[in-house]
Amino acid sequence: MIRPGCIWHPIPLRALPALTDIRYERTADGIAKMTICRPSVRNAFRPQTLRELEHALMHARDTPSIRLVILTGEGTLAFCSGGDQSARGHGGYVGHDGIPRLAVLDLHIMMRRLPKVVIAMVAGYAVGGGHILHLVCDLTVAAENAVFGQTGPKVGSFDGGYGSSYLARIVGQKKAREIWFLCRQYSAEEARAMGLVNTVVPLEELEVETVKWARQVLEKSPTAIACIKAAMNADGDGHAGLSQLAGEATRMFYQSEEGKEGKKAFLEKRKPQFVPYVQET
Ligand code: S0N
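Keep in mind the model is a prediction, meaning the values are calculated, not measured.

Here the focus is the packing of helix α3 (residues 104-113) against helix α4 (residues 129-136). For the pair α3 and α4, interaxial distance at closest approach is 10 Å and the crossing angle is 15°. With respect to each other, α3 and α4 are oriented roughly parallel. Where α3 crosses over α4, the handedness of that crossing is right-handed. Between α3, through Val104, Leu107, His108, Met111 and Arg112, and α4, the contact on the second element is made entirely by Ile132, Leu133 and Val136. Within the contact of α3 with α4, the residues separate by chemical class into 6 nonpolar, 1 polar and 1 charged.

Pairing is mixed across the open sheet formed by 4 strands, whose spatial order is β4-β9-β11-β12. What marks the edges here is a single partner per strand, and that holds for β4 (78-80) and β12 (186-187). Taken together, the 2 bridges between β4 and strand β9 (residues 125-127) define a ladder with parallel strand orientation. Counted as the bridge partner of Cys80 is Ala126 from β9.

Relative to each other, helix α2 (residues 47-62) and α3 sit at 20°, their axes nearing to 10 Å. When the axes of α2 and α3 are compared, the pair comes out roughly parallel. Seen from above, α2 lies across α3 with left-handed handedness. Mapping the contact onto sequence places Leu50, Leu53, Glu54, Leu57 and Met58 in α2 and Val104, Asp106, Leu107, Met110 and Met111 in α3.

Per the domain assignment, the segments of the protein are domain 1 (9-218) and domain 2 (223-269). Averaged C-alpha coordinates put domain 1 and domain 2 at centres separated by 28 Å. Here domain 1 meets domain 2 over a buried area of about 910 Å², counting both sides, of which 36% is carbon and sulfur. Together, Arg112, Arg113 and Pro115 form the three largest contributors to the area buried by domain 1 at its contact with domain 2, with a combined 59%. Where domain 1 touches domain 2, the interface holds 3 salt bridges. Note that Lys229 and Asp138 form a salt bridge whose closest N and O atoms lie 2.9 Å from each other.

The rules behind each value
Each chain carries its own residue numbering, running from 1 in the direction its sequence is written. In keeping with the predicted nature of the model, local features appear solely for residues at pLDDT of at least 70, side-chain atom pairs appear and are counted solely at 80 or more, and the whole-chain, interface and lining totals rest on all residues. Excluding hydrogens and water, the side-chain figures rest on all heavy atoms present in the structure. Axis angles are defined between N-to-C directions and span 0 to 180 degrees, where every axis is a line fitted to C-alpha atoms and, for a helix, only to the segment in contact. Strands are runs of DSSP state E lasting at least 2 residues, helices are runs of H or I lasting at least 4, and numbering of each runs from the N terminus. In what follows, roughly perpendicular refers to angles from 65 to 115 degrees, roughly parallel to angles under 35, roughly antiparallel to angles over 145, and oblique to any angle outside these ranges. Throughout, a crossing is termed right-handed when the near helix is turned clockwise from the far one, and left-handed when it is turned anticlockwise from it by less than a right angle. The contact criterion used is simple: two residues touch if any of their non-hydrogen atoms lie within 4.5 Å. When residues are sorted by character, Ala, Val, Leu, Ile, Met, Phe, Trp, Tyr, Cys and Pro go into the nonpolar class, Asp, Glu, Lys and Arg into the charged class, and all the rest, Gly among them, into the polar class. Two strands qualify as a pair provided that DSSP identifies no fewer than 2 bridges between them. Start and end points for every domain follow an automatic or database-based domain assignment. Accessible surface is computed with a 1.4 Å probe, and the buried area is the amount of it that two parts give up when combined, taken over both parts together. What makes a salt bridge here is a side-chain nitrogen of Lys or Arg within 4 Å of a carboxyl oxygen of Asp or Glu, nothing more.

The structure is reproduced here in structure tokens:
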């Protein structure tokens, strides 16, 4: 028999390296901004970019004083041009470790599950996987120079997840098929007309207007916002969506006297007294 002590070795958890592909900043009043900083490739994402965005999203989720996230791209030419084609190998995008992955799908889910609003601030191209990134955001503020579209069938890729079914929910089946089958580019105004973006503003007003939208959200009840986001996602996200929505209910239940009584009774090794909390329905 192998003694457990002989085969098990601790796994050192490496601290995340300094950010190279994104900038992560915040305002004093609780707005975080994540900027993809790869302008020489129109802010295309590689595995490292996605890893950094995931790390920043986890930080935003776990920091109560951060109440909203703005996702954007460096410069005025592109929000994001999707997966970096030079990092694309067989079976996914290859990072430093040489393993091909389709990690952007995890990022989509993290953005959907974040109980805080995510606003896409789009200048220039939001195409391919970059188009899906803005799609998955809760709101999109676009500059007049913004250009939207899918490129997958031109470059030999496609997103059958949120990039297809959720897109069709937003713009309708016919339009979504047009977007994917023809791979056309759409102006900011065309995107607004099909419900893909919330508002279009002059490029020089993009950040001011996005922060204005963000601050209007910040004035609202954070619990109401978290619950409504979870509720809107629930029908598209199946059990995972229901779990997120129910998680918000659980969080509130934990804060109630009834919820606290269950825990207190367990720790005091007595029977819980739930009778005072019986409600008439
Ligand atoms: C963005 C476009 C329209 C900009 O055109 P413009 O302004 O004329 O500039 P260019 O001269 O074309 O580009 C400037 C430089 O940037 C490089 N570059 C641009 N985009 C990319 C890119 N995506 N990857 C790598 N490099 C890029 C150019 O090569 C050029 O470099 P230099 O200066 O050295 O010549 C135009 O550039 C364009 O059409 N870009 C390609 C858009 C595209 O097809 N993107 C990929 C689409 N596919 C995906 O996004 C993958 C989806 C995905 O991620 C996924 C899907 C399902 C499941 C999982 C995944 C997953 O990966 O996890």
